[in-house]
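Each chain, written out:
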Amino acid sequence: MKKLSSIMMIALAACTFQACHSGAKDSTAAADSANAVKDTTTSGMTGIAVDKDDAKFAVDAANGGMTEIALSKNAMSQSTNDKIKDFATMMVTDHTKVGDELMAIAKKKNITMPDSVNADSKKVIDEMAMKTGKDFNKAYVDKMLADHKATVSMFEDASKKIKDPDLKAFVDNTLPTIKSHLAAITAMHDAMK
């Protein structure tokens, strides 16, 4: 009986160890998972003060902002085009400010946020870092154009669907900045043709 009990404990420990180490999640997936299990009926240290869709938006917006900051920091050092460098500097400044605002809301609402970009964004950042010269400039401008089109769409959709008043105000206050980024990168993209 004692031997059987010891074997069962070892098997249970092995299963627990395997479960804890199976497939490491990236920071965004980990944040989404943490938010999914939080109780939405309470707020404070154990609960989350927003619904799961609002939390998912916050996590996705944070990942997008961190990705654009990382790509833009690369552009500031890798590009030889002054207009691209100026745009990249604006991106780092604006997205850092917006990211700080979003993090303050997330903290207040007990939303777990990613501390780094997700695996897909990391792959893009690494691929872009390998490019140089005109190839880098084109890739950066194309990526910023695509990302800003998607981000404007995401924020316009969120403006209609977000339930939390603080997140809604954040979305509505941030949208004009993102639209101005889209206009600037569209003009730059069109000038490169």
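For the structure, check the block above.
Cut-offs and rules
Residues numbered from 1 in each chain as written. Predicted model: local features only at pLDDT ≥ 70, side-chain atom pairs only at ≥ 80, totals over all residues. Heavy atoms only, no water. Helix = DSSP H or I, 4+ residues; strand = E, 2+ residues; numbered from the N terminus. Buried < 20%, exposed > 50% of the residue type's maximum accessible area, 1.4 Å probe, protein only. Areas by Shrake-Rupley, 256 points an atom, 1.4 Å probe, with all protein chains shown as cover. Expected span 1.5 Å × (residues − 1). Contact = heavy atoms within 4.5 Å. Polar contact = N/O pair within 3.5 Å; in protein donor to acceptor, adjacent residues only side chain to side chain. Phe/Tyr/Trp six-rings, centres within 6.5 Å; stacked < 30°, edge-to-face > 60°.

A.B. asks: Go over the overall build of the chain, please, and point to the residues and values.
C.D. replies: The secondary structure content of the chain amounts to 7 helices and 0 strands. Residues classed as buried in the chain amount to 38% of the 193 residues present. Surface exposure of the chain reaches about 11,400 Å², of which carbon and sulfur atoms provide 61%.

A.B. asks: How would you summarise helix α4 (residues 82–109) if you had to cite specific residues and measurements?
C.D. replies: Taking 1.5 Å as the rise per residue, α4 with 28 residues should run 40 Å; its terminal C-alpha atoms sit 40 Å apart, in good agreement. Within α4, burial applies to I84, F87, A88, M91, V92, H95, V98, L102, I105, A106 and K109. Buried residues belonging to α4 abut α3 (52–78), α6 (133–161) and α7 (165–191). N-cap assignment for α4: the residue whose side-chain oxygen lies 2.8 Å from the backbone N of K83 is N81. At the C-terminal side of α4, N110 shows a positive phi close to 60°.

A.B. asks: Describe in detail the environment of T177, supporting the description with residues and values.
C.D. replies: Mapping T177 onto the fold places it in helix α7. Classification of T177 by relative accessible area gives partly exposed; the value is 27%. Spatially, the C-alpha atoms of T177 and V98 are 9.5 Å apart, while their sequence positions differ by 79 residues.

A.B. asks: Lay out the side chain of N137 in plain terms, naming residues and giving numbers.
C.D. replies: By the element assignment, N137 lies in helix α6. Classification of N137 by relative accessible area gives buried; the value is 7%. Sequence-distant contacts of N137, that is, excluding residues within four places in its chain, are made with S79, T80, N81, I84 and M192.

A.B. asks: Outline the packing of aromatic side chains, listing residues and values.
C.D. replies: Applying the stated criterion to the full structure yields 4 aromatic pairs. Plain terms: the ring middles of F136 and Y140 are 6.1 Å apart, the flat faces sit at 10° to each other, and that makes the pair stacked. Pair noted here: F136 and Y140 are both in helix α6, with a separation of 4 residues, about one helical turn. Each member of the pair, F136 as well as Y140, is classed as buried. Seen from their ring centres, F155 and F170 are 6.2 Å apart, and the 50° between their planes marks the pair as tilted. Of this pair, F155 sits in helix α6 while F170 sits in helix α7, and the two are 15 residues apart along the sequence.

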